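Working through the structure, step by step
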Amino acid sequence: MQVRLSRIVAAAALLTLAATVAAQPKSRADCERDYKPHVGQSGKDVVWVPTPDDLVNRMLKMAHTTPQDYVIDLGAGDGKIAIAAAKQFGARSLGIEYNPDMVKLANCMVQVEGVAGKTKIIQGDVFKEDFSKATVVTMYLLPELNLRLRPIILNMKPGTRVVSHQFTMGDWEPDETAEIEYRSAYLWIVPAKVEGTWNFRAQNGAQFSVALNQKYQKLTGEAAMGANRNPIVGATLHGDEIKFAFNDDKGVTRTLTGKVQGNEITGTLKAAGGAEAKVTGTRK
Ligand SMILES: C[S@@+](CC[C@H](N)C(=O)[O-])C[C@H]1O[C@@H](n2cnc3c(N)ncnc32)[C@H](O)[C@@H]1O
C-alpha cells in the first residue's frame, strides 16, 4: 500500500514537471500565441514601434553598459532593450511598460531569451514609476515626453547615462550622438550640480575661489586668486567629474581635475610645467 502510494506521488510529480516543461515558451511564436502586437499600435502616451536590433546594441554600447549596470527601459514594448542589456551586456535590467498585454509578451520573451534571472518587465506608467535606481536609462518615446521626464532625470545620481532613440531633450545637448541607417541615438550623462561659488585650498598652499555658472553639463565661470580674476577655460563636467583651467595671479595656467560630491570637490591642481598638488573645494 505504502509502495503504491509513493509510486502515485512520483507519477504525479513527473506529470507536473512535464506540464511545466511543455508550458515553457521556446520561441516568439509561442509568446505571440495569445497576443500578437502590431507595429504602430497605440500606447498610453506613444505608439509601439520597436527599436531595430543594431540600434539597440549601439545605444547600450554608447552608454558603456557593463554587468555592473542596472538598465531601465522606459516604455519597454516587447522588452527587447531590457533583454539585450542582460543577454549581450550582462546587466540587470527592468522594462516599464503600460500595456499589460505587451508586459505579458515581454516577460514571455524574457524566458525565451533565458534572462529571467536578470530581467523583468513590469506594468506601469513611466511618469509614476520610480526609476531612480537605474544606472542606465533607455527610451524611445517622443520629444515632449522626454521633456516631461527631463527634470526627473536631472535629479538622478550624477553619472547616470541616458540614451534616447530618435528624440532629444530640448536645450539639454547630448554628450554623444550616433546614427545607424538614418536613425539617431543620443547619450546624456547626468551632470552633478555645481553651480555656485567654491573656495579651494591646495596642499601646496594655493588658495583661490571659483564662481561657476552651469547649464546642464556646460560650465562657465571665473577664478579669483589674490587680486586677479580670470575666466575658467576648457571646462568639462562628465557626471561627477569636473575639469577646468584658469590663469593664476602670475599668469600661470592651472588645471583643476576633481570629483564632485555634494558640496565638496576633491582632486588635483596642476600648474603648467609644474607639479601636481591635491586640492579640495567647498561650496559657499
Ligand atoms: C516606441 S515604443 C518603444 C519600445 C521599446 N522601448 C523599443 O525601443 O523597442 C514605446 C512603448 O512605450 C509604451 N508606453 C506608452 N506610454 C507609456 C507610459 N506612459 N508608460 C509606460 N509605457 C508607455 C508603449 O505601449 C510602447 O510599447
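Presented here is an overview of the structure given in this document.

About the cut-offs
- Residues numbered from 1 in each chain as written.
- Predicted model: local features only at pLDDT ≥ 70, side-chain atom pairs only at ≥ 80, totals over all residues.
- Heavy atoms only, no water.
- Helix = DSSP H or I, 4+ residues; strand = E, 2+ residues; numbered from the N terminus.
- Rg over C-alpha atoms; globule rule 2.2 N^0.38 Å.
- Buried < 20%, exposed > 50% of the residue type's maximum accessible area, 1.4 Å probe, protein only.
- Areas by Shrake-Rupley, 256 points an atom, 1.4 Å probe, with all protein chains shown as cover.
- Lys, Arg positive; Asp, Glu negative; His and termini not counted.
- Charge placed at Lys NZ, Arg CZ, Asp CG, Glu CD.
- Expected span 1.5 Å × (residues − 1).
- Arc of directions from axis to C-beta.
- Contact = heavy atoms within 4.5 Å.
- Pairing = 2+ DSSP bridges.
- Axes fitted to C-alpha atoms, helices over the stretch in contact; angles between N-to-C directions.
- Near = heavy atom within 4 Å.
- Polar contact = N/O pair within 3.5 Å; in protein donor to acceptor, adjacent residues only side chain to side chain.
- 1 Å grid on protein atoms, 1.4 Å probe; cavity = no way out; pocket = protein on both sides within 12 Å on 5 of 7 lines; lining within 4 Å.
- Sits in = over half its atoms within 2 Å of the grid points.
- Disulfide = S-S within 2.5 Å.

Broken down by element type, the protein carries six helices and 16 strands. Its C-alpha atoms give the protein a radius of gyration of 26 Å, clearly above 19 Å, the size a compact globule of 284 residues would have. With the principal axes as the frame, the protein shows a C-alpha extent of 95 × 50 × 30 Å. Looking at the 284 residues of the protein, the share that counts as buried comes to 43%. Here the protein displays about 15,100 Å² of accessible surface, and carbon together with sulfur accounts for 53% of that area. Averaging the coordinates of the 35 positive side-chain charges in the protein and doing the same for the 30 negative ones gives two points 6 Å apart.

Our next topic: helix H6 (residues 143-154). Between its first and last C-alpha atoms H6 spans 16 Å; for 12 residues at 1.5 Å apiece the expected length is 16 Å, and the two agree. For H6, the set of buried residues is Leu-145, Asn-146, Leu-149, Arg-150, Ile-153 and Leu-154. An end-on view of H6 places all buried positions within 155 degrees of arc, on one side of the element. If you follow the buried residues of H6, they end up packed against strand S1 (70-74), strand S4 (136-139) and strand S5 (161-165).

Bringing the sheet that holds S1 into the picture now. One open sheet holds the seven strands; their spatial order is S3-S2-S1-S4-S5-S7-S6, and the pairing between them is mixed. Across the chains shown, the open sheet's two edge strands, defined by having one partner strand only, are strand S3 (119-123) and strand S6 (176-180). Between one strand axis and the next, the sheet turns by 20 degrees as a mean value, whatever way the strands run. Bridge count between S6 and strand S7 (residues 183-189): five bridges; the pairing is antiparallel. What sits directly across from Ile-180, in S7, is Arg-183. The strands touched by helix H3 (residues 53-62) are S1, S4, S5, S6 and S7; relative to S6, the strand with the most contacts, the crossing angle is about 160 degrees. Running at roughly 170 degrees to S3, helix H5 (residues 100-112) makes contact with strand S2 (92-97) and S3 of the sheet.

The next point concerns the site of the ligand. Around the ligand, the structure places 22 residues, and the nearest of them are Asp-45, Thr-51, Asp-73, Gly-75 and Glu-97. Measuring from an oxygen atom of the ligand, one finds a side-chain N or O atom of Thr-51 at 2.6 Å. In this structure, a nitrogen atom belonging to the ligand sits 3.0 Å away from a side-chain N or O atom of Asp-125. Relative to its unbound accessible surface of 600 Å², the ligand loses 99% to contact with the protein. Cavity membership is defined here by more than half of the atoms lying within 2 Å of grid points; on that basis the ligand lies in the largest pocket. Looking at the shell around the ligand, the elements with two or more residues in it are helix H4 (80-89) and S2.

Per the stated rule, a full pass over the model turns up one disulfide. Each disulfide pairs two cysteine sulfurs, and for Cys-31 the partner residue is Cys-108, the sulfurs being separated by 2.1 Å. Judged by the sign of its S-S torsion, about -85 degrees, the cystine formed by Cys-31 and Cys-108 is left-handed. Of the two residues, Cys-31 sits in helix H2 (residues 28-31) while Cys-108 sits in helix H5, which places them 77 residues apart along the sequence. The pair Cys-31 / Cys-108 is uniform in exposure class, with both members buried.

With 13 residues, H5 extends 18 Å from end C-alpha to end C-alpha; this agrees with the ideal 18 Å at 1.5 Å per step. Of all the positions in H5, only Met-102, Val-103, Leu-105, Ala-106, Cys-108, Met-109 and Val-110 are classed as buried. As for H5, its buried residues are in contact with H2, H4, S2 and S3. Measuring from the side-chain oxygen of the N-cap residue of H5 to the backbone nitrogen of Asp-101 gives 2.9 Å; that N-cap residue is Asn-99. Positive backbone phi, at 70 degrees, marks Gly-114, one or two positions downstream of H5.

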